[in-house]
Amino acid sequence: MSSTELPSVPPVNVLPKVAAVKTAEGERLRSVHLPGVTLTVRSRPPAREGLAPALYVHGLGGSSQNWSALMPLLDDVVDGEAVDLPGFGDSPPPDDGDYSVSGHARAVVRHLDASGRGPVHLFGNSLGGAVATRVAAVRPDLVRTLTLVSPALPEIRVQRSAVPTGLLALPGVVSLFNRLTKEWTAEQRVRGVTALCYGDPARVTPEGFRNAVEEMERRLQLPYFWDAMARSARGIVNAYTVGGQHGLWRQAERVLAPTLLVYGGRDQLVGHRMAQRAARAFRDSRLLTLPDAGHVAMMEYPQTVATAFRELLADTEGPAVADRTAGAVDDEPADQTTGG
């Protein structure tokens, strides 16, 4: 192995046992075995039978838990599942070690094809937004609507605060970072992540912070954790450099599904200035901007994101849905624009 290669990862059957993944009240976890990949899927029972399915896809370093605040707010209008991408959450690494945006998208497509749940209302945050964009472009038959929260779409001028995350893609940086931070506690790491991802870290509840620390402690015991992070970061960087029909902006233009775009004014990872470009690129889009939100608006302002999705649902699926979506209350004023 050359010095620029990432370290090998033990086979799944010899990985150490770690603490169980937490579930919120009403949630359940199951493993889905697919060709070349095993995915952990988080779900909660819908309020009634017959609701349209939804699938939630998290971002870099996240997991299906990132959607636990939003999912119960929509369980009366969709039958929701959230997936742990390969190598994240409770999903083991993919057999082929492919953490590219296309690799993650293939995992999502395989799950939807195998489950027969498509077409779904597809949600994606950050890396998950890029993955969801690719899925919607190449498999429009699987997507009813698309909701993207701070999607990781290519930027010419990357924000300075996003540079350290991008550096994870460079060979040797993960090893250097581990050496420099080996004395950091899980609590210190979570505070750093929270400061980076939230517009206002004070919105994290004490219970939420404790849960995040426990999850960080669990992940740090996984021998493939940093490998998955580095390879997925490299996958984003590579996707940013791809041109032609496989470029993410070109694929955004091919998306047929009605699209809700959610951007935070205090996002340190995805530039708020990209919101208008995204609204122009997605042909049937509406834009929700949250001036005080950071990178994970569905965690900071779940009521507001839920209300915006309900409005999208009512507009695309008719009066019957509008009756069920009436009465939702925002948790924060927002600037909302329809366009694209």
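Below is a short write-up of the structure. (Residues numbered from 1 in each chain as written. Predicted model: local features only at pLDDT ≥ 70, side-chain atom pairs only at ≥ 80, totals over all residues. Heavy atoms only, no water.)

Looking now at helix α7 (residues 225–241). Taking 1.5 Å as the rise per residue, α7 with 17 residues should run 24 Å; its terminal C-alpha atoms sit 25 Å apart, in good agreement. Listing the buried residues of α7 in full gives Phe225, Trp226, Asp227, Ala228, Met229, Ala230, Ser232, Ala233, Gly235, Ile236 and Ala239. (Helix = DSSP H or I, 4+ residues; strand = E, 2+ residues; numbered from the N terminus. Expected span 1.5 Å × (residues − 1). Buried < 20%, exposed > 50% of the residue type's maximum accessible area, 1.4 Å probe, protein only.)

Before going further, it helps to spend a moment on unusual backbone geometry. Note: most residues except glycine have negative phi, and most peptide bonds are trans. Cis geometry marks the peptide bond from Gly118 to Pro119, where omega comes out at 0°. For Pro119, the position within the fold is in the loop between α1 (101–115) and β5 (120–125). Of note, the phi angle at Ser126 is positive, near 60°, even though the residue is not glycine. Counting through the fold element by element, Ser126 comes out in the loop between β5 and α2 (127–138). Look at Ser126 and you get buried, because its relative accessible area is 10%. If you check the backbone angles, Ser150 has positive phi at about 45° while not being a glycine. For Ser150, the location among the structural elements is in the loop between β6 (143–149) and α3 (163–167). Residue class for Ser150 comes out buried when judged on its relative accessible area of 0%.

Glancing now at the packing of aromatic side chains. Aromatic rings considered in pairs are described by the distance between their centres and by the relative angle of their planes. A complete count under the given rule lists 5 aromatic pairs for this structure. Judged by centre distance (6.2 Å) and plane angle (70°), the ring pair of Trp67 and Phe123 falls under edge-to-face. Of this pair, Trp67 sits in the loop between β3 (52–57) and β4 (78–84) while Phe123 sits in strand β5; the two residues are 56 residues apart in sequence, bridging distant segments of the chain. Overall, the relative accessible area of 0% leaves Trp67 in the buried class. Taken together, a centroid distance of 4.9 Å and an interplanar angle of 50° make the contact between Phe123 and Phe309 tilted. In this pair, Phe123 sits in strand β5 while Phe309 sits in helix α11 (residues 302–317), placing the two residues 186 residues apart along the sequence. The class for Phe309 is buried, based on a relative accessible area of 0%. A network of ring pairs unites the aromatic residues Tyr56, Trp67, Phe123 and Phe309 as a single cluster. Positioned above the aromatic ring of Trp249, the side-chain terminus of Arg277 is 4.2 Å from the ring centre. (Phe/Tyr/Trp six-rings, centres within 6.5 Å; stacked < 30°, edge-to-face > 60°. Lys NZ or Arg CZ within 6 Å of the ring centre and 35° of its normal.)

So, on to the pattern of salt bridges. In this structure the tally under the stated criterion is 19 salt bridges. In this structure, Glu214 and Lys22 form a salt bridge, with 3.3 Å as the shortest nitrogen-oxygen distance. On the criterion of sequence distance, the pair formed by Glu214 in helix α6 (residues 206–220) and Lys22 in the segment before β1 (28–34) is long-range, its members being 192 residues apart. A residue is classified by how much of its surface remains accessible, and Glu214, at 42% relative accessible area, is partly exposed. The residue Asp141 makes a salt bridge to Arg139 at a minimum N-O spacing of 2.8 Å. Under the relative-accessibility criterion, Asp141 is labelled partly exposed at 44%. In this structure, a network of salt bridges that share partners links the residues Arg30, Asp79, Glu81 and Arg117. (Salt bridge = Lys/Arg side-chain N within 4 Å of Asp/Glu carboxyl O.)

Let us now look at the nonpolar core. If you look at the biggest cluster of nonpolar residues, it comprises 55 residues, and the most contacted ones within it are Leu122, Leu146 and Phe282. Sort the elements by how many residues they give to this core and α2 lands first, with 7 residues. Other than its neighbours up to four places away in sequence, Leu146 contacts Leu122, Ala132, Thr133, Ala136, Val255, Ala257, Pro258, Thr259, Leu260 and Phe282. Counting residues in hydrophobic clusters, the runner-up holds 29 residues, among them Tyr56, Met298, Tyr301 and Phe309. (Core = buried A, V, L, I, M, F, W, Y, C linked by side-chain atoms within 4.5 Å. Contact = heavy atoms within 4.5 Å.)

Quick look at the pairing of β3 now. For β3, the tally of buried residues reaches 6 of 6 residues, placing the bulk of the element in the interior. Two elements, β3 and β4, share 6 bridges in a ladder whose sense is parallel. Pairing of Val57 across the sheet is with Val83, part of β4. (Pairing = 2+ DSSP bridges.)

In short, shape yes, function no, at least from these values alone.
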